[in-house]
Amino acid sequence: MSSYDSFEDSPLPAPRISDLARVHGPDYLEGLNPEQRAAVEATEGPVLVLAGAGTGKTRVLTTRLAHILATGKAKPWELLVVTFTNKAAREMRERITAIIGPQAEGLRWLGTFHSVAAQVLRRHAELVGLKSNFTILDTDDQERLIKQVLEAENVDAKRWTPKTLAGLIDHWKNRGWTPDRLPANEGKEFANGKGQALYRLYQERMRVLNACDFGDLLLHNLTIFMSQPEVLAEFHRRFRYILVDEYQDTNVAQYLWLRLLGQASQNVCCVGDDDQSIYGWRGAEVDNILRFERDFPGATVVRLERNYRSTSHILAAASGLISANKGRLGKTLWTEQNGGEKVIVRGVWDGEAESRLIADEIERAKKGGAEKEPRKYRDMAILVRASFQMRAFEERFVLLSIPYTVVGGPRFFERAEIRDAHAYLRLIQSPDDDLAFERIVNTPKRGIGDTTVQKLLQIARLNGVPVMTAAREVVLTDELAARTRTALSNFLRDLDRWRSQAETLHHARLTEQVLEESGYTDALRLDKTPTAQTRLENLKELVQSMGNFDTLQAYLEHVSLVMDMDRGPQADAVQIMTLHAAKGLEFPLVFLPGWEEGVFPSQRSMDESGEKGLEEERRLGYVGITRAREEARISFVANRMVYGRWTSQLPSRFVDELPLANVEASSETGYYGGGPGMQQQHGSTWDSTPAFGSGYSSPGWQRAQSRGYQGSHPGRQQVIEGEGRLVAESSAASDYKRGDRVFHQKFGYGQVKGVDGNKLTVAFDKAGEKKVIDSFVEKG
DNA sequence: CGTGCTCACCTTTTT
DNA sequence: GGTGAGCACG
């Protein structure tokens, strides 16, 4: 890890063209298409590179850097290169190293927005009232701190949750608003207009704790740059070239930060794709990329439009979808990979059928067949809109023994047990860390309850000292019950012991010991819940990973900014992930399930952000389809269980927006007939739904049955309308069981809640109430 | 102070 | 449906 407090330039010389040639062949520009080459060679003034999906963006970025270095326009340490994720930064560093060799180590300002901003802030922390060793709070710490502020201000934390305020503050920071700069109408609706005051108090609390949150890293940078011209000038001299990846995802604060840093040299190169802006909900402003030419007059704009990833059908389907959006900069992607399979769109009966269908196809693709090469599991991906959709696939895959991995999900460093371990270490390292103290003072349970903690907090606040100091005082008095006092003084004694051991013991070994002696691992071992085992393993993994760092300090610094652990080599498994997580990835075969109104596009997104939200959802669809190299398969269902309730689904409007010529559609629900016209029947009634074929016998279903699968077949659940009565395949109530789906002419669809003799109790979707039904008629 | 029960909630996610 | 948070009770 490079040290942040030294501005010493790298001793490594800049690479020469001859070095590049040696590493990368006779000419590192070779093989670039004309547009890519233009993007690489435009080294004077502002440049906007509009890089469509799969057009070789990363190659252009890295080659451009190499070119700047090779032509002697700048030294590695004079380049500011920012990405959004650690993964992207890591990848870029690796690829540049492959071109220019060890000189890449001199690229000390290559990193995420936050890590670069943190380096700047460590250097100038005192200008915003912090010390250079400030801690970076994560969301959990943040919310607990906010909760304290709310309590101190007597705000009803039930009506106005810490989460809500944390979200608001985050939003404000994303827009570059400090408490002073906050527009008057902001935060009015929170806690009767106390929003701004609470924001200010939160910031003050953090200053006292010598801490800042993620948003502050950039916000404090802005404050420094705007109030200290000589500091800004120092960075102007330093950064001769600025390169930004995924520019469409920048928020206002990041935009301002870039403008401030780039205004002197004007050598700002932003790379992005307005059609792949999918982070509006966390403050990204597509507008930043849309108005680049106005912000940087005379900018060179290069469009990368040749796609090297997908077949023409896939590309055309994605282009057709995205063309429904307004206000695009516009690109026309093309490819030489003509033909291939059309995008397959299918409607199926319910979520179970959908997962069965996809699992079947995965098995078929894995096996290969006539004229089809077998695929590896890892070459197939399921991209969902929301994580609740994942479970159906996981269950199915477990059943059929299909290996899969869920990408994303709760991050390793955000797991409670890891954060607990970190809290112990933080407290050992800095006794003033009140948040860490609170977190673990009674974890594992050691008889120091909430009342005691509140008391300690109060005393600490009153005397303006850290909670730890207050605790030390209190155990000397008889203010606490004898039992509590003993528990607390034992805890303090343990901490002191660990602290003195920390000086000699390796931090990995120390962690192990702390976890043992605190009783943490014992508590987990006694825990009978199934997650306890995983937690113990996570802790083991933690201890192991700590070995990679020289000091505890270095380790803690790493985890606060690089909340990202290198996963080992990927096993051969089907990848399940959200559309968001899929950005930047590609797969030969991509499944896109759940294209239903309300699921995708997400109802909430449309409710909250209207047309803007819908357009972002559409971009998400575009991202999804363009992940596919060879085959893309979209599906939607007629019935879906959402939060334990059955809901009737309509196909997504996006299905209708796909160009007919590139799509092959079929439906088992009668909703989306495919064939000529392919008219979607929004608003039609279920009466027109043809009975689901009773002869359904997919290979996967039969296999599942032979493996003892107990679930009900959707064909059995199919019901048709009758005259004021419940009509079904079977006339006997005993043929139904709890959970079966039924239809009633008068009450609509419902779910069987109970069977009693010849009576069914049914909960109907619409009425929202239960009814007992006792009349049955034979089907047909 | 710890446990068991009811109730509200339920996108997308990085740093 | 499943879970975590908050509250009542022992």
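Parameters at a glance
- Residues numbered from 1 in each chain as written.
- Chains lettered and ligands numbered in written order.
- Predicted model: local features only at pLDDT ≥ 70, side-chain atom pairs only at ≥ 80, totals over all residues.
- Heavy atoms only, no water.
- UniProt positions renumbered as here; feature names shortened; annotations may be inferred.
- Helix = DSSP H or I, 4+ residues; strand = E, 2+ residues; numbered from the N terminus.
- Buried < 20%, exposed > 50% of the residue type's maximum accessible area, 1.4 Å probe, protein only.
- Contact = heavy atoms within 4.5 Å.
- Pairing = 2+ DSSP bridges.
- Axes fitted to C-alpha atoms, helices over the stretch in contact; angles between N-to-C directions.
- Expected span 1.5 Å × (residues − 1).
- Arc of directions from axis to C-beta.
- Lys, Arg positive; Asp, Glu negative; His and termini not counted.
- Salt bridge = Lys/Arg side-chain N within 4 Å of Asp/Glu carboxyl O.
- Polar contact = N/O pair within 3.5 Å; in protein donor to acceptor, adjacent residues only side chain to side chain.
- pLDDT = per-residue confidence, 0-100.

S.K.: I'd like a description of the UniProt feature "binding site: ATP" (unreviewed entry) in chain A, backed by residues and values.
M.R.: Taking the numbering used here, the UniProt-annotated feature "binding site: ATP" (unreviewed entry) corresponds to Ala 51, Gly 52, Ala 53, Gly 54, Thr 55, Gly 56, Lys 57 and Thr 58. By secondary structure assignment, the location of Gly 56 is in the loop between strand E1 (47–51) and helix H3 (57–70). A relative accessible area of 25% means that Gly 56 is categorised as partly exposed. Along the chain, Lys 57 falls in helix H3. Setting aside its immediate chain neighbours within four residues, Lys 57 contacts Ala 51, Asp 245, Glu 246 and Val 271.

S.K.: How would you summarise the sheet that holds strand E3 (residues 110–112) if you had to cite specific residues and measurements?
M.R.: Taken together, six strands build an open sheet; the order of strands is E3-E2-E6-E7-E1-E8 and the sheet is parallel. Two strands bound the open sheet, and with one partner strand each, they are E3 and strand E8 (300–304). In this sheet, adjacent strand axes meet at a mean angle of 15° when their direction is disregarded. Here strand E6 (residues 241–244) runs beside strand E7 (residues 268–272); their pairing, made up of three bridges, is parallel.

S.K.: Outline helix H4 (residues 86–100), listing residues and values.
M.R.: A rise of 1.5 Å per residue sets the reference length of H4, with its 15 residues, at 21 Å; its end C-alpha atoms lie 21 Å apart and thus fit the reference within 8%. Taken together, the buried positions of H4 are Asn 86, Ala 89, Met 92, Ile 96, Ile 99 and Ile 100. Projection of H4 onto a plane perpendicular to its axis shows the buried side chains occupying an angular sector of 150°, all on one side. Phi turns positive, to about 80°, at Gly 101, one or two residues after H4.

S.K.: So what about the side chain of Arg 64? Which residues, and what values?
M.R.: For Arg 64, the position within the fold is in helix H3. Among buried Asp, Glu, Lys and Arg side chains, Arg 64 stands out as unpaired, with Glu 44 the closest opposite charge at 8.7 Å. Within the local environment of Arg 64, its side chain forms a polar contact with the backbone oxygen of Ala 39, the two atoms lying 3.0 Å apart. When sequence neighbours within four positions are dropped, the list of residues in contact with Arg 64 reads Ala 39, Val 40, Ala 42, Thr 43, Val 47, Leu 243 and Cys 269.

S.K.: So what about the side chain of His 67? Which residues, and what values?
M.R.: Mapping His 67 onto the fold places it in helix H3. Here His 67 is in contact with Tyr 28, Leu 29, Val 40, Glu 41 and Thr 43, once residues within four sequence places are set aside.

S.K.: Pulling in residues and values, what's your account of the confidence of the model for chain A?
M.R.: Predicted confidence across chain A gives a mean pLDDT of 79, with 80% of residues reaching 70 or more. In this model, residues 1–9 is a region of pLDDT below 50 whose contacts with residues beyond four sequence positions or in other chains number 14 contacts. Low pLDDT (under 50) marks residues 670–731, which in the prediction has 136 contacts with non-local residues, meaning those over four places away or in another chain.

S.K.: Describe in detail helix H10 (residues 229–238), supporting the description with residues and values.
M.R.: All of the buried residues along H10 are Val 231, Leu 232, Glu 234, Phe 235, His 236 and Arg 238. Elements that come into contact with the buried residues of H10 comprise helix H5 (113–124), helix H9 (214–227) and helix H11 (252–262).

S.K.: Account for the pattern of salt bridges, naming residues and giving values.
M.R.: Counted by the stated rule, this structure contains 56 salt bridges. For the salt bridge of Lys 57 with Asp 245, the shortest nitrogen-to-oxygen distance reads 3.1 Å. Separated by 188 residues along the polypeptide, Lys 57 in helix H3 and Asp 245 in the loop between E6 and H11 bring together distant segments of the chain. Across the salt bridge formed by Arg 259 and Asp 295, the nearest N and O atoms sit 3.6 Å from each other. Taken together, the residues Arg 259 in helix H11 and Asp 295 in helix H13 (residues 292–295) connect sequence positions 36 residues apart. Classification of Arg 259 by relative accessible area gives partly exposed; the value is 34%. Given a relative accessible area of 14%, Asp 295 falls into the buried group.

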